[in-house]
Amino acid sequence: MHNLFIYYIEKAIISLKVVKELFYLTFGTFFYVFEAFARLLVHPPRKDVEGEIVLVTGAAQGIGKLIAEKFGVLGATLVLWDNNLEAIEQTTKELRRSLDVRVYAYVCDCSRRTEVYKVAEMVKREVGDVSILVNNAGVVTGKYNFTDAPDNLVDRTLRVNAAAHFWTYKAFLPTMMARNHGHLVCIACHGGLFAMNDYCASKFAAVGFAESIALELLVLGKEGVKTTIACPYLINTTMFAGCQTKWPSFLPIMDQHDAAEKIVDAILREKLYTLLPFSLYFLMALKSVMPTKLGIIFVNFLGGLDLMDQFSAVPLTPAASYKKTQEPAQLPKEQTNLKQTAGNISEYNSNESDRV
């Protein structure tokens, strides 16, 4: 009799839990669908980033440089990482002349785990705790078929476009979690949503990793650490020189200034995803319901299968991706109207044991 009583009590408790979960599911469905539609009409306010320390990888040129510049205009302290010494020096000088903020620059190959950790410690010691991390650095192999692509370029693509995100998050996320304050940004591309070549596979990995970290932070209750995943279509930078779009009115090649503006806006409004242009949202919805074979016909119609046919940029090889320095170089300090800015260039560590 006692066991039967316990049995019915347990069933009642389980039933109550199911009812509770169904209530949350129903309420959540209506609330968050309504919220999503409301956000299409009323954008959330932009957060204030003045005084925040923003680290941008691949910041010497292109989108990375523009993103850094826009955060600098908003009063953020800038930390620039790149593996090209001459380019990062030039960018740092330009930003120091045009912005009234502190600008620091470091040479770092983000694909090398130990180098990321080493330079990250330098940043923490010389600048402070990074509160906004923008993983922007990326490379592309070009228009090779997978079997024709040189192994060193495939390896480079995976290490820069995917593995580097693991190491930079490992370096800076613990402090963000301890403070329950920060923002992680993954700059991927449409290639992280639609498969085309090994470059897209590396971006798929970056998007999947960023999504998993966002979920992990939610489970751990670290809601003060935000995440943003940006997936733009082709941008008119040297990285995709020569690439053409079949339907420019539907899938335009974006101006890099416009793309950077929209990405920074998404970060400031703490959007989890931002797809550029808006038509990518429509294509993602179709991908989820469209039969596979029909999807291939549809991608071909949009020009996705021959997107790289006119690619003319030179793929970045490991040997050409950095310039070694014999001694640690330090950028000269410059005096601005209100604040003194300083930057440091770290020595590139070419030890092969640093490879992932």
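Cut-off values and rules
- Every chain is numbered on its own, with residues counted from 1 as its sequence reads.
- With pLDDT at 70 or above as the cut-off, local features in this predicted model cover only qualifying residues; side-chain atom pairs require 80 or more to be listed or tallied, and sums for whole chains, interfaces and linings still use all residues.
- To obtain the side-chain values, all non-hydrogen atoms of the structure were included, while hydrogens and water were left out.
- Exposure categories follow from relative accessible area, calculated using a 1.4 Å probe and restricted to protein chains: below 20% of the type maximum is buried, above 50% is exposed, and the middle band is partly exposed.
- Each helix corresponds to a stretch of at least 4 residues labelled H or I by DSSP, and each strand to a stretch of at least 2 residues labelled E; elements are numbered beginning at the N terminus.
- A pair of strands is treated as paired once DSSP finds two or more bridges between them.
- Clockwise travel from the first strand over the helix to the second, with the strands pointing away from the viewer, marks a crossover as right-handed.
- Axis angles are defined between N-to-C directions and span 0 to 180 degrees, where every axis is a line fitted to C-alpha atoms and, for a helix, only to the segment in contact.
- When an angle is under 35 degrees it counts as roughly parallel; over 145 it counts as roughly antiparallel; between 65 and 115 it counts as roughly perpendicular; any other value is oblique.
- By definition, turning the near helix anticlockwise from the far helix through less than a right angle yields a left-handed crossing, and turning it clockwise yields a right-handed one.
- Here, two residues are considered to be in contact whenever any of their heavy atoms come within 4.5 Å of each other.
- Only Asp, Glu, Lys and Arg are considered charged in this grouping, and only Ala, Val, Leu, Ile, Met, Phe, Trp, Tyr, Cys and Pro are considered nonpolar; every other residue, Gly among them, is considered polar.
- Buriedness for pockets is judged along seven lines, at least five of which must meet protein on both sides within 12 Å for an open set on the 1 Å grid over protein atoms alone, while cavities are sets there where a 1.4 Å probe fits but cannot get out, and lining residues have an atom within 4 Å of a point.
- Grid points are joined across faces, edges and corners, and a volume is the space filled by probe spheres set on the points.
- Take the residue count of a helix, subtract one, and multiply by 1.5 Å to get its expected span.

### Re the pairing of strand β2 (residues 77-82)
Alright, step 1. Here β2 lies mainly inside the structure; 6 of its 6 residues are buried.
Alright, step 2. Both faces of β2 are covered, namely the face carrying Thr-77, Val-79 and Trp-81 and the face carrying Leu-78, Leu-80 and Asp-82.
Alright, step 3. Of the pairings in the sheet, the one linking strand β1 (residues 53-57) to β2 comprises 5 bridges and is parallel in character. By the bridge assignment, Val-54 is partnered in β2 with Leu-78.
Alright, step 4. Handedness of the crossover joining β1 and β2 through helix α2 (residues 62-73) is recorded here as right-handed.
Alright, step 5. Bridging between β2 and strand β3 (residues 103-107) involves 5 bridges; their strand directions are parallel.

### Overview of the packing of α2 against helix α7 (residues 256-268)
Alright, step 1. Close contact between α2 and α7 brings their axes to 9 Å; oriented N to C, the two are set at 55 degrees. Overall, the two elements α2 and α7 adopt an arrangement that is oblique. The way α2 lies across α7 gives a crossing that is right-handed. Seen from α2, the contacting residues are Gly-62, Ile-63, Leu-66, Ile-67, Lys-70 and Phe-71; seen from α7, they are Gln-256, His-257, Ala-259, Ala-260, Glu-261, Ile-263, Val-264, Ile-267 and Leu-268.
Alright, step 2. Here the residues of the contact of α2 with α7 sort into 10 nonpolar, 3 polar and 2 charged.

### Side note on the layout of surface pockets
Alright, step 1. Its boundaries defined by the atoms lining it, the largest pocket holds a volume of some 1400 Å³.
Alright, step 2. In terms of lining, the largest pocket is formed by 33 residues, of which the most central are Arg-39, Glu-270, Lys-271, Leu-272 and Tyr-273.
Alright, step 3. At the level of elements, α1 (2-41), α6 (198-219), β6 (225-232), α7 and β7 (273-276) are the ones that each hand at least two residues to the lining of the largest pocket.
Alright, step 4. Each residue belonging to the lining of the largest pocket can be placed in one class, and the counts come to 18 nonpolar, 3 polar and 12 charged.

### Digging into α2
Alright, step 1. If you check α2, its first and last C-alpha atoms are 17 Å apart, about what 12 residues at 1.5 Å a residue would give, namely 16 Å.
Alright, step 2. Within α2, burial applies to Ile-63, Gly-64, Leu-66, Ile-67, Ala-68, Phe-71 and Gly-72.
Alright, step 3. Of the residues one or two after α2, Gly-75 is the one with positive phi, at around 95 degrees.

### Digging into α7
Alright, step 1. Taking 1.5 Å of rise per residue, the 13 residues of α7 would be expected to cover 18 Å, and the 18 Å separating its terminal C-alpha atoms lies within 8% of that figure.
Alright, step 2. Buried within α7 we find Gln-256, Ala-259, Ala-260, Ile-263, Val-264, Asp-265, Ala-266, Ile-267 and Leu-268.
Alright, step 3. Looking at the packing, one finds that the buried side of α7 touches α2, β5 (182-187), β6 and β7.
Alright, step 4. Backbone geometry just after α7 places Glu-270 at a positive phi near 55 degrees.

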